[in-house]
Amino acid sequence: MFLTNTWYVAAWSHEVAQGALFARTITDIPLVLWRGADGAVRALQDRCPHRGAPLSRGRLEGDAVRCMYHGLKFERDGACSQVPGNARIPPAACVRAFPVVERNKWLWIWMGEPAAADPALIPDTFWLDSPAWRYRPDYIHYGVNHLLIADNLLDFSHLPFLHETTLGGSAGYADSRAEVKRLADGVRVERWFRDGPPAPFVRKLTGWNENVDRWNFYDFVLPGVLLMDSGSTPLGGGPGVQFRSAQAVTPESETSSHYFFSQAHDFALDDPAVTARLHADIVAAFKEDWDMIHAQQASLARDPHFKMMPLPVDNALGHYRWLFNQKLKAGPTPAAA
Amino acid sequence: MFLTNTWYVAAWSHEVAQGALFARTITDIPLVLWRGADGAVRALQDRCPHRGAPLSRGRLEGDAVRCMYHGLKFERDGACSQVPGNARIPPAACVRAFPVVERNKWLWIWMGEPAAADPALIPDTFWLDSPAWRYRPDYIHYGVNHLLIADNLLDFSHLPFLHETTLGGSAGYADSRAEVKRLADGVRVERWFRDGPPAPFVRKLTGWNENVDRWNFYDFVLPGVLLMDSGSTPLGGGPGVQFRSAQAVTPESETSSHYFFSQAHDFALDDPAVTARLHADIVAAFKEDWDMIHAQQASLARDPHFKMMPLPVDNALGHYRWLFNQKLKAGPTPAAA
Amino acid sequence: MFLTNTWYVAAWSHEVAQGALFARTITDIPLVLWRGADGAVRALQDRCPHRGAPLSRGRLEGDAVRCMYHGLKFERDGACSQVPGNARIPPAACVRAFPVVERNKWLWIWMGEPAAADPALIPDTFWLDSPAWRYRPDYIHYGVNHLLIADNLLDFSHLPFLHETTLGGSAGYADSRAEVKRLADGVRVERWFRDGPPAPFVRKLTGWNENVDRWNFYDFVLPGVLLMDSGSTPLGGGPGVQFRSAQAVTPESETSSHYFFSQAHDFALDDPAVTARLHADIVAAFKEDWDMIHAQQASLARDPHFKMMPLPVDNALGHYRWLFNQKLKAGPTPAAA
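Please read all numbers here as calculations on a predicted model, not as lab measurements.

### Section: the overall build of chain A
- Broken down by element type, chain A carries 6 helices and 17 strands.
- Its C-alpha radius of gyration of 22 Å places chain A within 12% of the 20 Å reference for a compact globule of 337 residues.
- Its C-alpha atoms put chain A at 80 × 50 × 40 Å along the principal axes.
- Here chain A holds 337 residues, and 45% of them are scored as buried.
- Taking the contacts inside chain A whose residues are at least 6 apart along the sequence as the reference set, 55% of them involve residues at least 24 apart.

Put into structure tokens, the structure is as follows:
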């Protein structure tokens with residue numbers, strides 16, 4: 001079960017280049033994307049209505065795509081404009097088109113009612129396209145349900161355990177109190193870990209041996225977008241470090257997910273080595289998540305009767321799962337809403 | 001669902017050599033085949049009735065096969081002739097035997113009622129065993145339902161798209177009119193493409209730069225056999241080229257198929273390079289089919305609710321699928337019929 | 001369906017070393033095992049009750065294991081002793097613990113009611129830990145149901161066919177009469193093969209060219225343990241050879257099994273080459289079993305309607321399957337029994 005009337009991150013801007021067809025499946029619907037001559041990105045269902053061949057194996061012709069099985073041609077709005085060997089084009093010969101908005105290096109796609117696709121609903125990720133920030137965009141494919149990744153991102157008490165040598169550090173981090181606020185479309189989490197050791201990746205970056213005040217402030221909003229301000233300040237004074245993270249979990253199917261992520265810094269802007277090191281450390285930590293969440297998914301799949309045991313640390317993810325289920329039950333938002 | 005009372009191509013003659021057991025599954029029934037001392041080919045169900053071990057892992061002993069798990073021995077008619085450690089042979093200890101006819105380098109097997117197995121029903125493929133023709137026999141395994149391959153072979157309008165640089169050529173080929181005649185057991189397709197560029201594989205072979213009249217005349221008959229006469233004649237006069245093709249699609253299971261094929265020529269009989277080049281070009285084109293049909297199968301498997309959209313170019317395959325379903329519903333032909 | 005109130009072989013002693021967590025699934029229940037400072041082995045269900053993460057990906061801390069997802073800590077009896085960030089430990093935060101007994105280099109685990117776990121029920125395998133015997137312990141993983149391996153071990157008439165060049169030899173072995181006695185918890189099989197050629201592995205070991213009297217005496221008891229005395233005596237006189245074999249089939253799931261085995265000898269105790277050769281010959285033969293039983297499982301899986309055909313040679317396995325089904329129907333033995 002997936003949310004439909006919502007903006008999903010479909011791709012990084014650079015993934016959909018001029019002159020090529022790009023295939024990606026979102027909420028079990030295969031899509032073909034391309035960039036028109038005007039620079040705008042189109043998205044059609046990746047299935048020819050004739051015999052079901054994927055259009056992404058087809059040929060881009062101007063701003064249209066031709067199925068390379070029997071040659072049917074589809075315009076960017078999904079209308080069929082040519083059926084070789086047939087003078088008449090059947091009215092049913094069209095494919096579904098999806099609204100796409102490109103903003104701050106992310107391509108957002110609306111999988112629901114096109115009339116309800118309001119770009120004002122897209123979360124603000126300005127630092128992904130700002131000269132004041134640097135980051136390396138990246139992507140990981142997961143073979144798990146998207147909610148298990150959301151669970152992970154909604155409870156940072158796992159940092160000192162799963163990420164002991166990367167994002168974690170002292171076990172005391174898990175004892176620090178996270179303030180959780182309920183948002184209309186998600187959860188706001190604010191955690192201060194005061195007078196504790198710096199995270200391992202921060203120590204590698206700064207060389208700090210003294211304790212810091214560390215913060216992780218983030219919103220995690222439907223359908224799976226994390227927007228985070230984090231950083232650390234050395235107790236002895238001197239400048240701290242600050243990061244902006246944008247992460248998006250987009251369901252590919254019930255058992256697989258796309259994970260787009262970035263960790264931006266607003267210092268050492270002219271030092272690509274800093275960007276590269278931060279990226280490498282994040283990737284190392286996310287590999288730890290990947291391994292654990294896949295092991296968790298295998299464990300859950302083995303026994304469908306197992307019920308997770310809620311703990312107080314699960315209040316953020318409990319609320320997020322409740323919101324998700326409420327919106328799922330409510331069904332598509334009317335276009336007029 | 002498979003047709004039973006029908007002749008399937010089980011193998012090329014050379015695949016079943018003297019002195020060895022050959023395993024192949026047809027219509028979900030695993031078979032073991034071997035060639036007796038008299039040169040005739042036997043076919044038994046590839047499963048020992050005792051504990052289910054495959055006989056094809058057994059040992060050929062004269063014109064019998066011994067299961068190499070517990071040693072039961074079966075004669076060529078499927079009767080058990082020895083049970084080690086048991087003086088008495090239980091009457092149920094036999095395996096099913098299937099009629100096999102070897103004709104023109106193909107081994108045809110009858111998967112239905114043996115009494116109904118009339119060799120006169122086998123289509124004529126004389127050129128596969130004629131000194132007037134040359135070809136290289138070949139085989140491809142498909143992980144798709146046999147009807148998707150039949151669809152492909154019943155509508156050549158895909159040639160200029162899927163096979164643009166191999167069998168295809170001008171997009172005008174798809175606009176040429178194919179005459180479709182309904183046969184009792186299949187479809188006859190006759191297509192003339194006049195005054196068009198030669199197919200790429202023909203141009204490579206002949207060096208022609210001028211337009212040609214091109215024809216594809218074929219019968220496609222149950223349970224999946226294509227018999228084709230094709231060729232091209234240069235408009236400026238001079239000798240043309242002609243080919244005879246025999247292709248057979250045999251279901252291995254509901255989701256996999258055997259594909260036997262050949263493309264014979266009646267010119268340059270003493271030039272093996274011509275035979276090799278024609279074979280290589282056909283294989284390249286059939287790889288294009290393989291890729292597309294597997295992508296199509298994946299697309300169809302993802303959404304069982306998807307209905308294909310019939311187009312006028314689908315008249316041949318529509319009739320073939322109708323024939324297939326009629327014969328399936330009718331059930332096995334009475335042996336007396 | 002699995003037996004619960006029974007001792008299964010879980011591992012060779014050396015597989016569970018000090019200081020490490022060891023994961024193994026038995027009867028579809030994933031387990032984590034470790035060896036405490038006192039040398040005793042603990043076994044807990046390998047699933048954190050919080051979010052289902054495997055504890056075997058956790059950290060051993062003294063005689064407790066910490067889940068390395070969110071840091072919950074579990075004592076050797078399965079009780080939770082710490083929940084990071086939570087002062088109170090929920091009563092439900094515990095995992096199931098299983099009785100383990102280490103005896104003669106095998107770790108036996110009781111998958112049923114702990115109160116019913118009587119170590120006196122464990123079969124005697126004294127030669128696995130005796131200075132009078134030598135062997136090399138080994139393990140093979142099977143992708144088949146455990147009963148197919150039991151079938152194999154309960155009918156040695158397959159030796160001259162499947163193991164023609166390893167354990168087998170003359171086809172006459174299959175005609176020799178095996179005495180089968182019904183035990184309360186299994187089957188006793190006694191077979192003399194008199195005046196026949198030695199088994200190939202015995203000939204390699206001894207160089208004998210003359211005939212021998214050969215015996216295989218074994219018990220095969222629930223839930224899948226074979227205890228065998230076997231050997232051969234040359235007809236011309238002189239010393240014979242004798243072996244003791246302990247083999248255990250432990251279900252991992254309905255479609256996979258653990259197979260622990262050994263072939264001990266009481267001669268040439270100071271010649272490791274003899275131990276190595278015997279081991280290598282056994283492994284070669286068990287590879288023949290592995291190939292055949294996997295092929296058999298594939299054959300059975302293809303057609304769920306297929307019924308095996310009982311033969312007189314199947315009397316031992318018939319009785320064993322009957323016992324297994326009786327015990328399965330009877331359900332767990334009351335702890336008081």
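### Topic: the sheet that holds strand E10 (residues 106–110) of chain B
Residue and element names in this part refer to chain B.
- If you trace the 3 strands from one edge of the open sheet to the other, you get E1-E10-E9, paired in antiparallel fashion. Single-partner strands in this sheet number two, and they are strand E1 (7–12) and strand E9 (100–103). Neighbour to neighbour, the strand axes of the sheet diverge by 30° on average, direction disregarded.
- Where E1 lies against E10, 5 bridges are found, and the strand directions are antiparallel. Considered in E10, the bridge of tryptophan 7 is made with tryptophan 110.

### A closer look at helix H1 (residues 146–154) of chain B
- Across the 9 residues that make up H1 of chain B, a large majority, 8, are buried.
- The complete set of buried residues in H1 of chain B reads His146, Leu148, Ile149, Ala150, Asp151, Asn152, Leu153 and Leu154 of chain B.

### Topic: the interface of chain B and chain A
- On the side of chain A, 20 residues touch chain B, which itself brings 21 residues to the contact.
- The set of elements that each furnish at least two residues to the side of chain B that touches chain A consists of helix H2 (159–162), helix H3 (172–175) and helix H5 (272–302) of chain B.
- Per-element accounting of the side of chain B that touches chain A gives the leading share, 6 residues, to H5 of chain B.
- A breakdown of the residues in the side of chain B that touches chain A according to their chemical character gives 14 nonpolar, 4 polar and 3 charged.

### Some points on the interface of chain C and chain B
- If you look at the interface, chain C gives 21 residues, while chain B gives 20 residues.
- When residues of the side of chain C that touches chain B are traced back to their parent elements, those giving at least two are helix H2 (159–162), helix H3 (172–175) and helix H5 (272–302) of chain C.
- Among the elements that make up the side of chain C that touches chain B, the one with the highest residue count is H5 of chain C (6 residues).

### What about the relation of the copies chain B and chain A?
- Overlaying chain B on chain A yields an RMSD of 0.0 Å, the required transformation being a rotation through 120° with an accompanying axial translation of 0.1 Å. Read as a symmetry element, the transformation amounts to a three-fold axis. Within chain B, the C-alpha atom positioned nearest to the axis of rotation is that of alanine 301 of chain B, 13 Å from it.

### Some words on unusual backbone geometry
- In this model, leucine 222 of chain A is joined to proline 223 of chain A through a cis peptide bond whose omega is 0°.
- Even without glycine at this site, aspartate 28 of chain B takes up a positive phi of about 65°.
- Structurally, aspartate 28 of chain B is set in the loop between strand E2 (22–26) and strand E3 (29–35).
- The backbone of lysine 105 of chain B sits at a positive phi, close to 75°, despite the residue not being glycine.
- You can see lysine 105 of chain B is positioned in the loop between E9 and E10.

### Some words on the sheet that holds strand E10 (residues 106–110) of chain A
All names here are of chain A.
- If you walk across this open sheet you meet the 3 strands as E1-E10-E9, and the pairing is antiparallel. Whereas interior strands pair on both sides, the edge strands pair on one side only; in this sheet they are strand E1 (7–12) and strand E9 (100–103). Neighbouring strand axes in the sheet, compared pairwise and without regard to direction, differ in orientation by 30° on average.

### Brief notes about the environment of asparagine 86 of chain C
- If you trace the backbone, asparagine 86 of chain C turns up in the loop between strand E8 (80–82) and strand E9 (100–103).
- On the basis of neighbour count, asparagine 86 of chain C is assigned to the partly exposed category, with 16 C-beta atoms found within 10 Å.
- Setting aside residues up to four positions removed in sequence, asparagine 86 of chain C forms contacts with Leu311, Pro312 and Val313 of chain A.

### As for the nonpolar core
- Core analysis: the largest hydrophobic core is formed by 255 residues, its most contacted members being Ala10 and Ile109 of chain A, Ala10 and Ile109 of chain B together with Ala10 and Ile109 of chain C.
- In this structure isoleucine 109 of chain B touches Tyr8, Ala10, Ile26, Ala43, Phe98 and Val100 of chain B, once residues within four positions along its chain are discounted.

### Considerations on the environment of leucine 278 of chain C
- Secondary-structure assignment places leucine 278 of chain C in helix H5.
- Apart from residues no more than four positions distant in its own chain, leucine 278 of chain C is found in contact with Leu205, Gln263 and His265 of chain C.

### Comments concerning the domain arrangement of chain A
All names here are of chain A.
- Per the domain assignment, the segments of chain A are domain 1 (7–121) and domain 2 (130–330).
- Of note, the centres of domain 1 and domain 2, computed from C-alpha atoms alone, are 33 Å apart.
- Listed by contribution, the elements that provide at least two residues to the side of domain 1 that touches domain 2 are E1 and strand E2 (22–26).
- Take the side of domain 1 that touches domain 2: its biggest share by element is 4 residues, from E1.
- Partitioned by chemical class, the residues of the side of domain 1 that touches domain 2 number 5 nonpolar, 2 polar and 2 charged.

### Some details on the packing of H1 of chain B against H5 of chain B
Residue and element names in this part refer to chain B.
- Close contact between H1 and H5 brings their axes to 10 Å; oriented N to C, the two are set at 130°. In terms of axis orientation, H1 runs oblique to H5. As H1 packs across H5, the resulting crossing turns out to be right-handed. For the pair H1 and H5, contact is made by Leu148, Ile149 and Asn152 and by Asp289, Ile293, Gln296 and Gln297, respectively.
- In terms of residue class, the contact of H1 with H5 is built from 3 nonpolar, 3 polar and 1 charged.

### Some thoughts on H5 of chain B
All names here are of chain B.
- The end-to-end C-alpha distance of H5, which contains 31 residues, comes to 45 Å, matching closely the 45 Å that a straight helix rising 1.5 Å per residue would cover.
- Of the positions making up H5, those classed as buried are Leu278, Asp281, Ile282, Ala285, Phe286, Glu288, Asp289, Met292, Ile293, Gln296 and Ser299.
- In the core, the buried residues of H5 are packed alongside strand E11 (138–142), H1, H2, helix H4 (200–206) and strand E17 (256–265).

### Observations regarding the confidence of the model for chain A
- Scored by pLDDT, chain A has a mean of 95; 99% of the residues are at 70 or more.
- Across the interface, the model reports ipTM at 0.93; the global pTM reads 0.94.

### Re the environment of valine 249 of chain A
All names here are of chain A.
- Residue position: valine 249 is located in strand E16 (residues 241–253).
- With 166 residues separating them along the chain, valine 249 and valine 83 place their C-alpha atoms 38 Å apart.
- Setting aside residues up to four positions removed in sequence, valine 249 forms contacts with His146, Ile149, Ala150, Gly224, Ser257 and Tyr259.

### Quick word on the pairing of E9 of chain A
Residue and element names in this part refer to chain A.
- Strand direction decides the pairing type here: E9 and E10, joined by 4 bridges, are antiparallel. Counted as the bridge partner of valine 100 is isoleucine 109 from E10.
- A loop of 2 residues connects E9 with E10, the two strands running antiparallel in sequence, and asparagine 104 in this loop sits at a positive phi of about 50°.

### Structural notes on the packing of helix H1 (residues 146–154) of chain C against helix H6 (residues 315–330) of chain C
Residues and elements named next belong to chain C.
- For the pair H1 and H6, interaxial distance at closest approach is 8 Å and the crossing angle is 145°. The handedness of the crossing between H1 and H6 comes out as right-handed. For the pair H1 and H6, contact is made by Leu147, Ala150, Asp151 and Leu154 and by Ala316, Leu317, Tyr320 and Arg321, respectively.
- A breakdown of the residues in the contact of H1 with H6 according to their chemical character gives 6 nonpolar, no polar and 2 charged.

Rules behind the numbers
Residues numbered from 1 in each chain as written. Chains lettered and ligands numbered in written order. Predicted model: local features only at pLDDT ≥ 70, side-chain atom pairs only at ≥ 80, totals over all residues. Helix = DSSP H or I, 4+ residues; strand = E, 2+ residues; numbered from the N terminus. Rg over C-alpha atoms; globule rule 2.2 N^0.38 Å. Buried ≥ 20, exposed ≤ 12 C-beta atoms within 10 Å, placed from the backbone. Contact = placed C-beta atoms within 7 Å. Pairing = 2+ DSSP bridges. Axes fitted to C-alpha atoms, helices over the stretch in contact; angles between N-to-C directions. Nonpolar A, V, L, I, M, F, W, Y, C, P; charged D, E, K, R; others polar. Least-squares fit on C-alpha atoms with pLDDT ≥ 70 in both. Core = buried A, V, L, I, M, F, W, Y, C linked by C-beta atoms within 7 Å. Domains from an automatic or database assignment. Parallel < 35°, antiparallel > 145°, perpendicular 65-115°, else oblique. Left-handed = near helix turned anticlockwise from the far one by under 90°. Expected span 1.5 Å × (residues − 1). pLDDT = per-residue confidence, 0-100.

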